Amino acid sequence: MTTHDLPAALAEIVDDFQALSEPDRLQLLLEFSRELPELPDRLKDHPELLEKVVECQSPLFLAIETEKNDAGPAGAIRLYFKAPPEAPTTRGFAGVLHEGLDGLSAAEILGVPDDMPELLGLTRAITPLRMRGMTAMLGRIKRKVAADSRPTS
């Protein structure tokens, strides 16, 4: 798989990671951790609207919403994550997925290869369990987007 298989924003993130040495990749992941947006107020006070990603070592919750588009097909997919500050790896992965996928169409998100997290070049620097957590985050997003984009009869 190459970055040509990815949506532009995600491809740019992967390219940024691949251009760095392993220690610098970890620093970039920490930057994504610090840049993860807070939940909007309407979700902060309603934890029942968030779905837990149980495969993650640290507590990670997400919400996925599809913008309404009155002109026909569903609009952009919006992603919201909640991860504790004391879990920088999990927050960093969430930050990567937020920046790379938020605002895309369902088709673009569903087209992201399942093994995309491996392209970040962190497999030697981060435990396999944590890497599975990021893969699980992406998988959960894709499953939810697929379920939400099915036509209702």
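Now for a description of the structure that goes with this document. All values derive from a computational prediction rather than experimental measurement.

### Describing a negative patch on the surface
Thought 1: Side chains of Glu 12, Asp 15, Asp 16, Glu 31, Glu 35 and Glu 99 sit close together on the surface and give a patch of like negative charge.
Thought 2: Of all the secondary-structure elements, those providing two or more residues to the negative patch are helix H1 (8-18) and helix H2 (22-35).
Thought 3: Per element, the largest residue contribution to the negative patch is three residues, and it comes from H1.
Thought 4: With respect to the secondary-structure elements, Glu 31 resides in helix H2.

### Considerations on the nonpolar core
Thought 1: In terms of nonpolar packing, the biggest core is built from 40 residues, with Phe 81, Leu 101 and Ile 141 touching the most fellow members.
Thought 2: Broken down by secondary-structure element, the contributors of at least two residues to this core are H1, H2, strand S2 (61-66), strand S3 (77-82), helix H4 (88-101), helix H5 (106-110) and helix H6 (128-149).
Thought 3: If you tally residues by element for this core, the top one is H6, at seven residues.
Thought 4: The residues touching Ile 141, leaving out its near neighbours within four places in the chain, are Leu 62, Ile 64, Leu 79, Phe 81, Leu 97, Leu 101 and Ile 109.
Thought 5: Listed in part, the five residues of the second largest apolar core include Leu 39, Leu 43, Leu 50 and Ala 63.

### Some words on the packing of aromatic side chains
Two aromatic rings, taken as a pair, are described by how far apart their centres are and by the angle between their planes.
Thought 1: Tallied over the full model, the rule gives one aromatic pair.
Thought 2: Relative to Phe 32, the ring of Phe 17 has its centre 5.9 Å away and its plane inclined at 20°; by these criteria the two rings are stacked. Note that Phe 17 is positioned in helix H1 and Phe 32 in helix H2, a separation of 15 residues in sequence.
Thought 3: Residue class for Phe 32 comes out buried when judged on its relative accessible area of 6%.

The rules behind each value
- Residues numbered from 1 in each chain as written.
- Predicted model: local features only at pLDDT ≥ 70, side-chain atom pairs only at ≥ 80, totals over all residues.
- Heavy atoms only, no water.
- Patch = residues over 30% accessible without salt bridge, like charges linked within 9 Å, V, L, I, M, F, W, Y side chains within 5 Å.
- Areas by Shrake-Rupley, 256 points an atom, 1.4 Å probe, with all protein chains shown as cover.
- Salt bridge = Lys/Arg side-chain N within 4 Å of Asp/Glu carboxyl O.
- Lys, Arg positive; Asp, Glu negative; His and termini not counted.
- Charge placed at Lys NZ, Arg CZ, Asp CG, Glu CD.
- Helix = DSSP H or I, 4+ residues; strand = E, 2+ residues; numbered from the N terminus.
- Core = buried A, V, L, I, M, F, W, Y, C linked by side-chain atoms within 4.5 Å.
- Buried < 20%, exposed > 50% of the residue type's maximum accessible area, 1.4 Å probe, protein only.
- Contact = heavy atoms within 4.5 Å.
- Phe/Tyr/Trp six-rings, centres within 6.5 Å; stacked < 30°, edge-to-face > 60°.

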